[in-house]
Amino acid sequence: MGAEILRDVSFHLEPGSFHFLTGASGAGKTSLLKLMYMARRPSRGWITMFGQDLVHLPRSSLPEIRRRVGVVFQDFRLINHLSTFDNVALPLVIAGAHPNDYREDVEELLTWVGLGERLDAKPPTLSGGEQQRVAIARAVVAKPDLLLADEPTGNVDPKIGQRLMRLFFELNKLGASVVIATHDEHLVQKIAAPVLSLENGTLVKRPPAAKGA
Amino acid sequence: MLMSTSEDPALMTRLKNGLRRQIGANFKGARIVPANDTTNRPLLGVIAIMCFFAALAGESVLMINRAVDEWTQGLSSALTIQLRPVAGDTTVSLDARVEQILKIVRATPGVTLAQELSRRDTEKLLEPWLGAGNILEELPIPRLVDVQIDRSQPPELEALSLSLAQIAPSAKLNDHAQWNSRILIFANFLRGLALSILILTIATTMTIVVFATRAGLTAKHDIVEVLHLIGAHDSFIAREFEIQFVSLGLRAGFLAIAGAMLTFLLLGGLVSRYANADVYFLPTPDLYLSDLLFLLLIPLGAALVATLTTRFTVLRVIGRTL
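Quick caveat, the model's predicted, so the values are computed rather than measured.

**Q** Can you help me understand the pattern of salt bridges in this one?
**A** Counted according to the given criterion, the structure contains 12 salt bridges over all chains. The salt bridge partner of A:Arg59 is B:Asp234, with a shortest N-O separation of 2.5 Å. Of the two residues, A:Arg59 sits in the loop between β3 (52–53) and α2 (62–66) while B:Asp234 sits in helix α8 (residues 234–274), which places them in two different chains. Accessibility expressed as a relative area gives 17% for B:Asp234, which makes it buried. Note that B:Glu242 is salt-bridged to B:Arg311, the shortest N-O span being 2.6 Å. Of this pair, B:Glu242 sits in helix α8 while B:Arg311 sits in helix α9 (residues 289–318), and the two are 69 residues apart along the sequence. Since its relative accessible area comes to 11%, B:Glu242 is described here as buried. Through salt bridges with shared partners, a single ionic network connects A:Asp75, A:Arg77 and B:Glu225.

This is the structure we're talking about:
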């Protein structure tokens, strides 16, 4: 067994809540997110999500829960040979939706994130910021109940960053819980949302920062 | 004057959208898990070769079955009566005994034809051993009577033998049962061999597909992981890989059919060109309807084997992940 990355981590996310997850590099933010999007099971402890015990749930039941979780991966994880449109539509394709039913939604969403003219572009031809926006669009397209975003505004300019944050707020308003892992203290200060802070593998909860502080 | 569509961007967009709706698919129709051309091309060749071997092995079984049917049918509807000259027996001439035998045999129910083989025909049968023209007039050659019987109502052979023994003790009735059984043993051995080759080619194809699928899974690990994490069921991922192998199996199978048909046509040409009395018993490699139906099963079988193997491999490999 390797080193213990997280311990004494205990928190509850209310439906429709909005949290930041902060911590220094290597504090375990990505590991905690991986537990939440079911890329890992904890070596000990307990995780429940949407009323299901993730630790003991058979793996055949995990896809249905994963579909309720939108994830913005730190390294985007776009599929390079698929177009921007196809990448974003992927969660809907997997859920069995017909192209006619999602085409307009996907186009609208890509327009919203500023990629309306790049529907056919392949990820390798996009800039880092554009790839990140595609990754965000893919995470939100199926209107998940929980959105986990790992440094979602790290590669985009402040103006686009604000626009993306608005997307998260819109999703949050629709009832989704949102957890945004970030280094960006400025962002945390600007947006009054409770903070889950990882320090040396343990979790400390902090109340929302004073807006505009 | 017709207006060029390029002058009206809105119209272009509407047309584009309409076209997309008509296609009813993704823009590029790209597969989520793309085929790997660098490995799939040699794989196509290898699976096509396996299919070719399977086609030859399966065709051999069909050919052997046909040949055995022809041989045994011909033999089981024929009897041979052999009358050996006995030194010192001068009471009745051999010709007279043959006449008596023919009379009895023709009167036996179930016999459709009975005729004596001429001395020349009998000598021909001995020529492969003694050489043409080496058979002396004085050589006491047994007299042979060829009897054709009605297979649906065969004669009582034991009774016939007893009757023959009374008029000619040296007469021997041969129903070719021993020859038939030897042919069947040999044919069954050949059938077993061909079926073993067929099974081995299927097993080899499955092994190749397992390795190819594993290599594909390793090469496409990133895609598989993304699909997995955004909620794809294992069967969805497996299907993405299966689609490649269905097409691969079908293409390989059709290539193999073409190769097998060409081989059989060449072989048929050779046999008909060089066939003579020495090889008259060889099965003719003609293509019958049953052969064509069997050959059509090759691509379907290859696609099925490749698909099921891929599915099993993908499910097994990704089943080990969370």
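On we go.
**Q** Just checking my understanding: could you explain the layout of surface pockets for this structure?
**A** Rolled over the atoms, a probe as big as a water molecule pinpoints where empty space is left. All names here are of chain A. Estimates place the volume of the second largest pocket at around 1300 Å³. Lining of the second largest pocket is provided by 41 residues; of these, Leu32, Leu35, Met36, Trp46 and Ile47 occupy positions nearest its centre. Of all elements in the fold, only α1 (29–36) and β2 (48–49) reach the threshold of two or more residues within the lining of the second largest pocket. A per-element tally of the lining of the second largest pocket places α1 first, with 5 residues. Broken down by class, the residue content of the lining of the second largest pocket amounts to 21 nonpolar, 10 polar and 10 charged.

**Q** I would appreciate a short explanation of the interface of chain A and chain B in the present structure.
**A** A common way to express how large an interface is: the accessible area buried when the components associate. Taken together, the contacts link 34 residues of chain A with 30 residues of chain B. Both sides of the chain A and chain B interface together cover about 2800 Å² of buried area, and 60% of this is carbon and sulfur. The largest share of the area that chain A buries against chain B comes from A:Arg59, A:Arg66 and A:Ile94, three residues that together contribute 23% of it. Across the chain A-chain B interface, the total number found is 2 salt bridges. For the pair chain A and chain B, the number of links is 8 residue pairs in polar contact (both at pLDDT 80 or more). Secondary structure elements with two or more residues in the side of chain A that touches chain B: α2, α3 (84–94) and α4 (99–112) of chain A.

**Q** Just checking my understanding: could you explain the sheet that holds strand β3 (residues 143–149) of chain B for this structure?
**A** Sheet strands pair via backbone hydrogen bonds, and the direction of the pair is either parallel or antiparallel. Residues and elements named next belong to chain B. Read across the open sheet, the 4 strands follow the order β2-β3-β1-β4; overall the sheet is antiparallel. Looking at strand neighbours, the two that pair on one side only are β2 (111–116) and β4 (171–174), the edges of this open sheet. Each adjacent strand pair in this sheet contributes to an overall mean axis angle of 20 degrees, direction not counted. Two elements, β2 and β3, share 5 bridges in a ladder whose sense is antiparallel. The residue bridging Val111 from the neighbouring strand is Ile149, located in β3. In the packing of helix α3 (residues 94–107) onto the sheet, the strands contacted are β1 (78–83), β2, β3 and β4, and the crossing angle to β2 comes to about 170 degrees.

**Q** I'm lost on the packing of α4(A) against helix α6 (residues 158–173) of chain A in this one. Help?
**A** Helix-helix packing is characterised by the crossing angle of the two axes and by the distance between the axes. Residue and element names in this part refer to chain A. Where α4 contacts α6, the axes come no closer than 11 Å and their chain directions differ by 140 degrees. When the axes of α4 and α6 are compared, the pair comes out oblique. Together, Leu109, Thr111 and Trp112 of α4 and Arg163, Arg166 and Leu167 of α6 make up the contact between the two elements. For the contact of α4 with α6, the per-class residue count stands at 3 nonpolar, 1 polar and 2 charged.

**Q** Any chance you could explain the nonpolar core here in plain terms?
**A** Note on soluble globular proteins: their nonpolar side chains tend to be buried together. All names here are of chain A. If you look at the biggest cluster of nonpolar residues, it comprises 42 residues, and the most contacted ones within it are Phe20, Val106, Leu110 and Phe168. When contributions to this core are tallied by element, the ones reaching two or more residues are β1 (18–23), α3, α4, α5 (128–140), β5 (146–150), α6, β6 (177–181) and α7 (185–190). In terms of nonpolar packing, the next biggest core, distinct from the first, is built from 30 residues, Leu33, Ile47, Leu62 and Leu196 among them.

**Q** Looking at this structure, how should I read the side chain of A:Gln132?
**A** All names here are of chain A. Following the sequence through the fold, Gln132 ends up in helix α5. We classify Gln132 as buried; its relative accessible area is 1%. Ignoring any residue separated from it by four or fewer positions in sequence, one finds Gln132 in contact with Phe76, Glu151, Pro152, Thr153, Gly154, Asn155 and Val156.

**Q** What should I look at first to understand the packing of α3(A) against α4(A) in this one?
**A** Residue and element names in this part refer to chain A. As a packed pair, α3 and α4 sit with axes 10 Å apart at the nearest point and diverge in direction by 125 degrees. Taken as axis vectors, α3 and α4 run oblique relative to one another. Here the hand of the crossing between α3 and α4 comes out right-handed. For the pair formed by α3 and α4, the contact residues are Thr84, Phe85, Val88, Ala89, Leu92 and Val93 on the first element and Tyr102, Arg103, Val106, Glu107, Leu109 and Leu110 on the second. Here the contact of α3 with α4 is composed, by residue class, of 9 nonpolar, 1 polar and 2 charged.

Quick notes on the rules
Numbering of residues starts from 1 in each chain and follows the order in which that chain's sequence is written. Each chain gets a letter, beginning with A, and each ligand a number, beginning with 1, in the order they are written. The predicted nature of this model means local features are confined to residues of pLDDT at least 70 and side-chain atom pairs, given and counted, to a pLDDT of 80 or more, with totals for whole chains, interfaces and linings taken over all residues. Only heavy atoms go into the side-chain values, all of them from the structure, while hydrogens and water stay out. Between Lys or Arg on one side and Asp or Glu on the other, a salt bridge is scored when a side-chain nitrogen of the former is within 4 Å of a carboxyl oxygen of the latter. For the purposes of this entry, the term helix denotes a DSSP run of H or I that reaches at least four residues, the term strand denotes a run of E that reaches at least two, and both are numbered from the N terminus. Each residue's exposure class comes from its accessible area (1.4 Å probe, protein chains only) as a fraction of the maximum for that residue type: buried when under 20%, exposed when over 50%, partly exposed otherwise. In this analysis, the protein atoms alone were mapped onto a 1 Å grid. Cavities are point sets where a 1.4 Å probe fits without being able to get out; pockets are open sets with protein on both sides within 12 Å along at least five of seven lines; lining residues have an atom within 4 Å of a point. Grid points are joined across faces, edges and corners, and a volume is the space filled by probe spheres set on the points. Charged means Asp, Glu, Lys or Arg here, nonpolar means Ala, Val, Leu, Ile, Met, Phe, Trp, Tyr, Cys or Pro, and polar covers whatever is left, Gly included. Residue contacts follow a heavy-atom distance rule, with two residues in contact if any of their heavy atoms lie within 4.5 Å. Throughout, buried area stands for the accessible area (probe radius 1.4 Å) lost by two parts on being put together, summed over both. Each polar contact in these results corresponds to two N or O atoms within 3.5 Å; when the atoms are within protein, one needs to be able to donate a hydrogen and the other to accept it, and residues that are neighboring in sequence are counted only if both atoms are side-chain atoms. One requirement defines pairing of two strands: DSSP has to find at least two bridges between them. Only the stretch in contact is used when fitting a helix axis, every axis being a line fitted to C-alpha atoms; angles between N-to-C directions are given from 0 to 180 degrees. Oblique is the label for every angle not falling under 35 degrees (roughly parallel), over 145 degrees (roughly antiparallel), or within 65 to 115 degrees (roughly perpendicular). Take the buried Ala, Val, Leu, Ile, Met, Phe, Trp, Tyr and Cys residues and link them wherever side-chain atoms come within 4.5 Å; each set so joined is a nonpolar core. Note on convention: near helix rotated counterclockwise from far helix by under a right angle means a left-handed crossing. Clockwise means right-handed.

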